[in-house]
Amino acid sequence: MEAIPFIQIAVRPLVEYVLRSGDLNSGFSRPNALVEGTRAHQQVQRQYGEQDQKEVYLSAEIPCGELVFLVDGRCDGLLVLEDGGLMIDEIKSTSGDLTLIEAETYPVHWAQAKCYAYMAALERGLEHMAIQLTYMQLPSGELKRFRRKLEFAELEAFVHELVKSYAPYARLLMTHRGQRDQSITALQFPFPDYRVGQRKLAGAVYKSIQEKVSLFAKAPTGIGKTISTIFPAVKAIGEGHLQQIFYLTARTTNRAAAEAAFSLLEEGGLRMHAVTLTAKEKVCLQEQVSCRKEDCPFADGFYDRINGAVLDILTNETLLGRQVIETYAIKHRVCPFEFSLELAYTADAIICDYNYIFDPRVSLKRMFAEQKGKAALLVDEAHHLVDRGRDMYSAELVKRPFLELQRAYKGINDGVYRAAKAVNSCFVVLRKEADGPHQIDTDKPGALLKLAEDFLIEAERELFSPMTGGALAEKAELLLETYFMANNFLRTGKLYDERYICYTEFASNEVRLVQFCLDPSNLLREAGKSFRSRIFFSATLSPLSYFRDMLGANEEDYTLSVPSPFSREQLQVRILPYSTRYRDRDRTKASIGGLLRTVLLERKGNYLFFFPSYAYMNLIYEEVAAGLPENIAVMRQTASMSEAEREQFLAAFEAEDGVTLAAFAVMGGIFSEGIDLVGDRLTGVAVIGVGLPQIGLERELIRDYFQAREKDGYDYAYVYPGMNKVLQAGGRLIRSENDRGLLLLVDDRYLQPHYAGLLPEEWK
């Protein structure tokens, strides 16, 4: 007898899928809303009677055609009424005005309560149930409640209709996953042979996923890291270890490599839904980004059309890149960015920026814990995540916009006026007390955080007001920008601990206060801990001990170092011991310029010269360019190149007889990572300097922090980040088995044991 297909679905995602509602202009999420919502629930639940129960697990099996659905979840409260009857209590918290909430304002909340009431009544054989919606206003604690009493038959009909509406989507997913798993079973590695080290990396990735641990892998440039991580992760899905893969990148070029890998696997028979998330500003179909339904036809009625769009694209497409998503977004008249997010919750593979997992401002907040437990993170170019993590978990507040809002809302909105004035006044006091250009404090800025929270409450009331628009549009735009800044500042204040420091900078009339994350390791670990496995990989994950420390490794996590697959004969390395220190640059510029000019004159080809800064690059550029013959072309990177200018820069690297190219660029920039100039397109690379970050307040704070914890603070703040840029820049040269090239390391520090010890074996 054939088994009946059985599908488990929790109440909340079931209700949210069927009863879509809301406004895409949804940036008004409260800071640390999950924590505050939990506290609101607990505050209400403390008022329950002795017989009342909280967080009650409920479930029910509901047949629908050939399927059986197990719907389950935990209700906030199961209360005993005076007449002995039972009532479901559904608790919601809001920072808005309770007078604006009526009984029918949020149908989705009633729907959740009805589901729990049906399951409770079914389990206990009751003919009717009462349901209650309890709204708590934060931070005042004010309550507003709505009650209804429903017959069991009405509840049963409602829930069965919900499941019936969800069933087509469930059938699509069930059918797809069967086809997906079958295709994975037959899937072969897409190349005739593994490169040296590739099989080792792929095996380590699979083993880490299988054993639910993380992996920190240093694998050299050119080994094929993208396919070596994606292929075993796909195989892990086929074996039932995973349901989803997140391929996380820091750059668009790496996203393209991941898309190409899935395309290659699809040519080999794979059938998977792989979606690429692109920034809202890049995919918006309007001339100006505005998610207000009055401004955008793709936002107006979005939730009425999104289910049809999702079913359509998942039925007919597998590789869901930017162009495919835009095509279906136009067809169904839905916002392409929000459309891609909807697909991300259901796709087998998601290619996206680090932000969507690690950044609390933009992470995929609708991912449930059980969903994360069946997903793996593949973190490409993971060396970027240290500084990116610091950025994600740091926040600033500046004085100027609050002064402008104080002036703009005087006589218009007294609440916003007073709240903005209070923040501005706090900054005025800080400036009066300052005795230098900056001020350092290890304690969190408690007073300013409280004022920022008060401002958020008043700003939300104004932004949600139907009067916000028209003549007030310009003021509202400034208010919204300042709201987001204050929101992030308050959210970061919730994270503030001994790994943070607070500094304030003073310049003319401006004051800037920063909550700076010195060590992001704990927060990165927390953000990724619910996932089954995290695979961190890069050609420059060196030293591995440093990156394990900074990326939040656990003791049981694996470490892998793959040797270069290329022979020493492919790479000619020369160390030229000139000083590139700031104080010596004028003295050595002629010698270094002459050296680079000699290389260009002696050997034809294309060269990339990397420098630690634009200023130093321009200094040496003038030395080299002077007096070069016409058959040597010279170009340089600029600070703000358009996409077309970047493409033109790379297009110049063509092998042409009789023409030599010298391209000047900066380490850590767009041309030092993620580009492939194979064969004769690149003849040589020169790395001038050891890439040390410029000495500044934040770097000095990082150094002092780690030094105080008995680590080498100078290495953590300067040497390791700098040498990482050196390794990335030098890694542009040898990209395949057929590449040959000259690598010049220009700095006397490369002869020192400490710096020499950080170079790859094949460079020594």
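Refer to the structure above for everything that follows.
Structural notes, computed from the coordinates. Remember, predicted model here, so these are calculated numbers, not experimental data. (Residues numbered from 1 in each chain as written. Predicted model: local features only at pLDDT ≥ 70, side-chain atom pairs only at ≥ 80, totals over all residues. Heavy atoms only, no water.)

Moving on: the overall build of the protein chain. On a plain count of helices and strands, the protein chain comes out with 26 helices and 24 strands. By principal-axis analysis of the C-alpha atoms, the protein chain measures approximately 95 × 75 × 50 Å. By the burial criterion, 54% of the 764 residues in the protein chain qualify as buried. Looking at the protein chain alone, contacts between residues at least 24 apart form 78% of all its contacts between residues at least 6 apart. Carbon and sulfur atoms make up 49% of the accessible area of the protein chain, which amounts to about 34,000 Å² in all. Looking at the protein chain, you have 89 positive and 104 negative side-chain charges, and the mean spots of the two groups are 3 Å apart. (Helix = DSSP H or I, 4+ residues; strand = E, 2+ residues; numbered from the N terminus. Buried < 20%, exposed > 50% of the residue type's maximum accessible area, 1.4 Å probe, protein only. Contact = heavy atoms within 4.5 Å. Areas by Shrake-Rupley, 256 points an atom, 1.4 Å probe, with all protein chains shown as cover. Lys, Arg positive; Asp, Glu negative; His and termini not counted. Charge placed at Lys NZ, Arg CZ, Asp CG, Glu CD.)

For the rest of this paragraph, the subject is the pairing of strand S1 (residues 6–10). Burial along S1 is one-sided: the face carrying Ile7 and Ile9 is buried and the face carrying Phe6, Gln8 and Ala10 is not. Relative to strand S3 (residues 67–80), S1 runs parallel, the two sharing five bridges. Within S3, the residue paired with Ala10 across the bridge is Asp72. (Pairing = 2+ DSSP bridges.)

With 184 residues, the main nonpolar core has Phe69, Ile88, Phe339 and Phe358 as its most contacted residues. Look past the residues within four positions of Ile88 in its chain and what remains in contact with it is Leu58, Cys75, Gly77, Leu78, Ala113, Tyr116, Ala117, Ala120, Met129, Ala130, Ile131 and Gln132. Ranked by size, the runner-up nonpolar core spans 36 residues in total, among them Ile230, Ile237, Phe262 and Ala349. (Core = buried A, V, L, I, M, F, W, Y, C linked by side-chain atoms within 4.5 Å.)

Compared with an ideal rise of 1.5 Å per residue, which puts 14 residues at 20 Å, helix H6 (residues 225–238) spans 21 Å between its outermost C-alpha atoms and is within 8% of the ideal. In terms of burial, H6 is largely enclosed, as twelve of its 14 residues are buried. All of the buried residues along H6 are Lys225, Thr226, Ile227, Ser228, Thr229, Ile230, Phe231, Pro232, Ala233, Val234, Ala236 and Ile237. Just past H6, the residue Gly240 takes up positive phi, approximately 85 degrees. (Expected span 1.5 Å × (residues − 1).)

With that settled, consider the sheet that holds strand S11 (residues 349–353). Paired through their backbone hydrogen bonds, the strands of a sheet run either parallel or antiparallel. Pairing is parallel in the open sheet, where eight strands are placed in the order S10-S9-S11-S8-S12-S17-S7-S18. Two strands lie at the open edges of the sheet, namely strand S10 (319–320) and strand S18 (558–561), each paired on one side alone. Relative to strand S17 (residues 533–538), strand S7 (residues 215–218) runs parallel, the two being bridged by four bridges. Across the sheet, the residue bridging to Lys218 is Ser538, located in S17. Along the sheet, helix H5 (residues 198–210) contacts S7, strand S12 (375–379), S17 and S18; its crossing angle with S18, the most-contacted strand, is approximately 175 degrees. Helix-sheet contacts for helix H7 (residues 252–267) involve strand S8 (244–249), strand S9 (274–276), S10 and S11, and the interaxial angle to S11 is about 165 degrees. (Axes fitted to C-alpha atoms, helices over the stretch in contact; angles between N-to-C directions.)

Relative to the helices and strands, Ile131 is located in strand S5 (residues 128–137). Under the relative-accessibility criterion, Ile131 is labelled buried at 1%. The spacing of Ile131 and Glu90 is 41 residues in sequence and 7.8 Å in space, taken between C-alpha atoms. If we ignore the near neighbours within four places in the chain, the residues touching Ile131 are Met87, Ile88, Trp110, Ala113, Lys114, Ala117, Phe146, Arg147, Arg148 and Leu150.

Bringing the packing of aromatic side chains into the picture now. In this description, an aromatic ring pair is defined by two values, namely the gap between the centres and the angle between the planes. Per the stated rule, a full pass over the model turns up 32 aromatic pairs. Pairing Tyr496 with Tyr500 gives two aromatic rings, centres 5.1 Å apart and planes at 25 degrees, and the pair type is stacked. On the basis of relative accessibility, which here comes to 3%, the residue Tyr500 falls in the buried class. Three or more aromatic residues link up through ring pairs in this structure, and these residues are Tyr546, Phe547, Tyr705, Phe706, Tyr716 and Tyr720. A cation over an aromatic ring shows up here: Arg148 above the ring of Trp110, its NZ or CZ 4.1 Å from the ring centre. Arg636 extends its terminal NZ or CZ atom over the ring of Tyr621, reaching a point 3.8 Å from the ring centre. (Phe/Tyr/Trp six-rings, centres within 6.5 Å; stacked < 30°, edge-to-face > 60°. Lys NZ or Arg CZ within 6 Å of the ring centre and 35° of its normal.)

Time to look at the side chain of Ser183. Summarising the element assignment, Ser183 is placed in helix H4 (residues 152–185). Discounting chain neighbours no more than four positions away, the residues touching Ser183 are Gly269, Leu270 and Arg271.

This paragraph deals with the environment of Tyr755. Within the secondary structure, Tyr755 is located in helix H26 (residues 753–756). With 36 residues separating them in the primary sequence, Tyr755 and Val719 have C-alpha atoms 8.3 Å apart. Beyond its immediate stretch of four places on either side in the chain, Tyr755 contacts Val690, Leu692, Tyr714, Val719, Met723, Arg749 and Tyr750.

Axis separation between helix H10 (residues 322–332) and helix H11 (residues 336–344) bottoms out at 9 Å; the angle between their running directions is 110 degrees. The angle between H10 and H11 places the two elements in the roughly perpendicular class. In the crossing of H10 with H11, the sense of the turn from one axis to the other is right-handed. Taking contact as the criterion, the partners of Ile325, Glu326, Tyr328 and Ala329 in H10 are, on H11, Pro336, Phe339, Ser340 and Leu343. The class makeup of the residues in the contact of H10 with H11 is six nonpolar, one polar and one charged. (Parallel < 35°, antiparallel > 145°, perpendicular 65-115°, else oblique. Left-handed = near helix turned anticlockwise from the far one by under 90°. Nonpolar A, V, L, I, M, F, W, Y, C, P; charged D, E, K, R; others polar.)

This next bit is on the sheet that holds strand S14 (residues 438–441). Judged by pairing direction, the sheet is antiparallel, and its four strands sit side by side in the order S13-S16-S15-S14 without closing on themselves. The sheet is open, and its two edges are formed by strand S13 (395–398) and S14, each paired on a single side. Neighbouring strand axes in the sheet, compared pairwise and without regard to direction, differ in orientation by 15 degrees on average.

This brings us to the environment of Leu518. Inspection of the secondary structure assignment puts Leu518 in the loop between strand S16 (510–517) and helix H19 (521–528). On a C-alpha basis, the gap between Leu518 and Pro760 in space is 28 Å, while along the polypeptide they are 242 residues apart. If we ignore the near neighbours within four places in the chain, the residues touching Leu518 are Arg390, Arg499, Tyr500, Ile501, Leu701, Ile702, Tyr705 and Phe706.

So, about the pattern of salt bridges. Under the definition given, this model contains 32 salt bridges. Arg390 is the salt-bridge partner of Asp387, the closest N and O atoms lying 3.0 Å from each other. Residue Asp387 and its partner Arg390 are both found in helix H14 (residues 385–392); the two are separated by three residues, about one turn of the helix. Residue Arg390 is classed as buried on the basis of its relative accessible area of 4%. With its nearest N and O atoms 3.1 Å apart, the salt bridge here joins Arg699 to Asp387. Here the residue Arg699 occupies a position in helix H24 (residues 697–708), and Asp387 occupies one in helix H14, the gap between them amounting to 312 residues. (Salt bridge = Lys/Arg side-chain N within 4 Å of Asp/Glu carboxyl O.)

For the structure shown, the criterion picks out zero disulfides. You can see Cys426 has no disulfide; the closest cysteine sulfur is in Cys502, sitting 10 Å from it. On the basis of relative accessibility, which here comes to 18%, the residue Cys426 falls in the buried class. This cysteine, Cys517, is not joined by any disulfide, and Cys502 carries the nearest cysteine sulfur, 13 Å off. (Disulfide = S-S within 2.5 Å.)

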